[in-house]
Amino acid sequence: MRNADQPHSGGVTVSAHELAMPAAARDLLDSGKKKLYSEKNSEAALRDFQSAIKTSPSFYEAYYLAGMAYLALQNSAEAEKHFRKSVDLSQKKYADADIALGSLLLQRGEEHPGEELLRQGLASNPHSWPGQFALGELELTRGQVKPALAAAEQAAELAPTQPVVYRLLAIIHLRQKNYSALLTDLDAYLQLDPDSPAGLRAKELRAQAEKQLLAAPEATVSANK
């Protein structure tokens, strides 16, 4: 699960459940989302989400977002606790929480419950880019390169401004020895994250991939068979 990444890629949608919450709780949720995703102020966002929960204890969307804020604060234990509360309150019918908890469990090595939640969430919301991303990572760890690539490509289509999806695509294409596609992935990544330590490593990998492509252009052909 990526820290405090906005789960939606399209227009903002509001569920009937959220509309049924008190206006004060909804206002706090909106304020918290702005602080978390736009202002990158996780602590202030968390206070808003906690206030929304206090105002409306059945507000499972607020528990989920509090979990996202805890992730941004690198407190995975509290994040998991809040994701679980959201999953329980929603009776596993809130895709974002299912995907978030499933992804967290997969990262911890709890494959069976993690995959079950992840796939359940994706069945409800196949347009969740974090869900498709997590599925791509899962399939890749199993050596299932084609389904991993399909999920990663879907994640990139849904969230073209998220650097991590291009990093995953790069890993997959490197595994395939598809150096032409790898260069495309790295170029996309570097447009979004050129100067971080990961960006500097991506520049080094790009130079190596370019040399490899010049030395063995047939690798691209064989990788696509």
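It should be noted that the structure appears before, not after, this text.
Every value quoted in this text rests on a predicted model; they were computed, and no experiment measured them.

Calculation notes
- All residue numbers refer to positions counted from 1 along the written sequence of the respective chain.
- With the structure being a predicted model, the display of local features is reserved for residues of pLDDT at least 70 and the display and counting of side-chain atom pairs for 80 or more, all residues being used for whole-chain, interface and lining totals.
- Only heavy atoms go into the side-chain values, all of them from the structure, while hydrogens and water stay out.
- Axis lines are fitted through C-alpha atoms, for helices just across the contact stretch, and the angle between N-to-C directions can take any value from 0 to 180 degrees.
- Strands here mean DSSP runs of E at least two residues long; helices mean DSSP runs of H or I at least four residues long; both are numbered from the N terminus.
- For classification, angles of less than 35 degrees are called roughly parallel, those exceeding 145 degrees roughly antiparallel, those between 65 and 115 degrees roughly perpendicular, and all remaining angles oblique.
- Rotating anticlockwise by less than a right angle from the far helix to the near helix defines a left-handed crossing, while the corresponding clockwise rotation defines a right-handed one.
- Working rule for contacts: check all heavy atoms of both residues, and any pair within 4.5 Å makes them a contact.
- Only Asp, Glu, Lys and Arg are considered charged, only Ala, Val, Leu, Ile, Met, Phe, Trp, Tyr, Cys and Pro nonpolar, and every remaining residue, Gly among them, polar.
- Two aromatic rings from Phe, Tyr or Trp, using only the six-membered ring of Trp, form a pair when their centres are within 6.5 Å; if the ring planes differ by under 30 degrees the pair is stacked, by over 60 it is edge-to-face, and anything between is tilted.
- For every residue, the accessible area (1.4 Å probe, protein chains only) is compared with the maximum for its type, and the residue is labelled buried under 20%, exposed over 50%, or partly exposed between those bounds.
- Helix span, as expected, comes to 1.5 Å for every residue beyond the first.
- The directions from the helix axis to the C-beta atoms are what the arc is built from.
- Nonpolar core, defined: a set of buried Ala, Val, Leu, Ile, Met, Phe, Trp, Tyr and Cys residues in which side-chain atoms within 4.5 Å join the residues together.
- Every case where a carboxyl oxygen of Asp or Glu lies within 4 Å of a side-chain nitrogen of Lys or Arg is listed as a salt bridge.

A. Local environment of the packing of helix H4 (residues 60-72) against helix H5 (residues 76-90). Following both chains from N to C, one finds H4 and H5 inclined at 165°, their axes separated by 8 Å at the closest point. The angle between H4 and H5 falls in the class roughly antiparallel. Seen from above, H4 lies across H5 with left-handed handedness. Mapping the contact onto sequence places Tyr60, Tyr63, Tyr64, Ala66, Gly67, Met68, Tyr70 and Leu71 in H4 and Glu78, Ala79, His82, Phe83, Lys85, Ser86, Leu89 and Ser90 in H5. Taken together, the residues of the contact of H4 with H5 sort by class into 10 nonpolar, four polar and two charged.

B. Examining the packing of aromatic side chains more closely. Under the counting rule described, the total for this entry stands at four aromatic pairs. Ring centres of tyrosine 60 and tyrosine 94 lie 5.3 Å apart, and the angle between their planes is 45°; this geometry places the pair in the tilted category. With tyrosine 60 in helix H4 and tyrosine 94 in the loop between H5 and helix H6 (95-107), this residue pair connects regions lying 34 residues apart in the sequence. Each member of the pair, tyrosine 60 together with tyrosine 94, is buried.

C. Quick look at helix H7 (residues 111-124). The terminal C-alpha atoms of H7, which comprises 14 residues, lie 20 Å apart, in line with the 20 Å expected from a rise of 1.5 Å per residue. Those residues of H7 lying buried are Gly114, Glu115, Leu117, Leu118, Gly121 and Leu122. When H7 is viewed along its axis, its buried side chains cluster within an angular range of 165° and face the same direction. What points out from H7, more than 90 degrees from its buried face, is the exposed set His112, Ala123 and Ser124. For H7, the secondary structure elements touched by its buried residues are H5, H6 and helix H8 (129-141).

D. Highlighting the environment of arginine 84. Structurally, arginine 84 can be placed in helix H5. When the C-alpha atoms of arginine 84 and proline 160 are compared, they prove to be 29 Å apart, with 76 residues separating the residues in sequence. Leave out the neighbours within four places in its chain, and arginine 84 touches Leu101, Leu105 and Arg108.

E. Region of the structure containing the side chain of aspartate 98. Secondary-structure assignment places aspartate 98 in helix H6. Setting aside residues up to four positions removed in sequence, aspartate 98 forms contacts with Val87, Lys92, Lys93, Leu117, Leu118, Gln120 and Gly121.

F. Main features of the side chain of serine 56. Take serine 56: it is sitting in the loop between helix H3 (42-55) and H4. A relative accessible area of 6% places serine 56 in the buried class. Not counting residues within four places of it along the chain, the set of residues in contact with serine 56 comprises Met21, Pro22 and Ala25.

G. The nonpolar core, seen in detail. Leu36, Phe49, Phe59, Tyr64, Met68 and Phe83 are the most contacted members of the largest nonpolar core, which has 31 residues in total. Mapped onto this core, the elements with two or more residues apiece are helix H2 (23-38), H3, H4, H5 and H6. The biggest single contributor to this core is H4, with 10 residues. Beyond its immediate sequence surroundings of up to four residues, phenylalanine 59 is in contact with His17, Glu18, Met21, Ala25, Arg26, Leu29 and Ala52.

H. The pattern of salt bridges, seen in detail. One pass over the structure, following the stated rule, counts 12 salt bridges. Across the salt bridge formed by glutamate 80 and arginine 84, the nearest N and O atoms sit 3.0 Å from each other. Separated by four residues within a single helix, glutamate 80 and arginine 84 lie in helix H5, roughly one turn from each other. Look at glutamate 80 and you get buried, because its relative accessible area is 12%. For arginine 84, a relative accessible area of 33% puts it in the partly exposed group. A salt bridge links glutamate 115 to arginine 142, with the nearest nitrogen and oxygen atoms 2.4 Å apart. Here glutamate 115 is found in helix H7, whereas its partner arginine 142 is found in the loop between H8 and helix H9 (145-158), with 27 residues between them in sequence. Three or more residues are tied together by salt bridges with common partners; here these are Glu111, Glu115, Arg119, Glu139 and Arg142.

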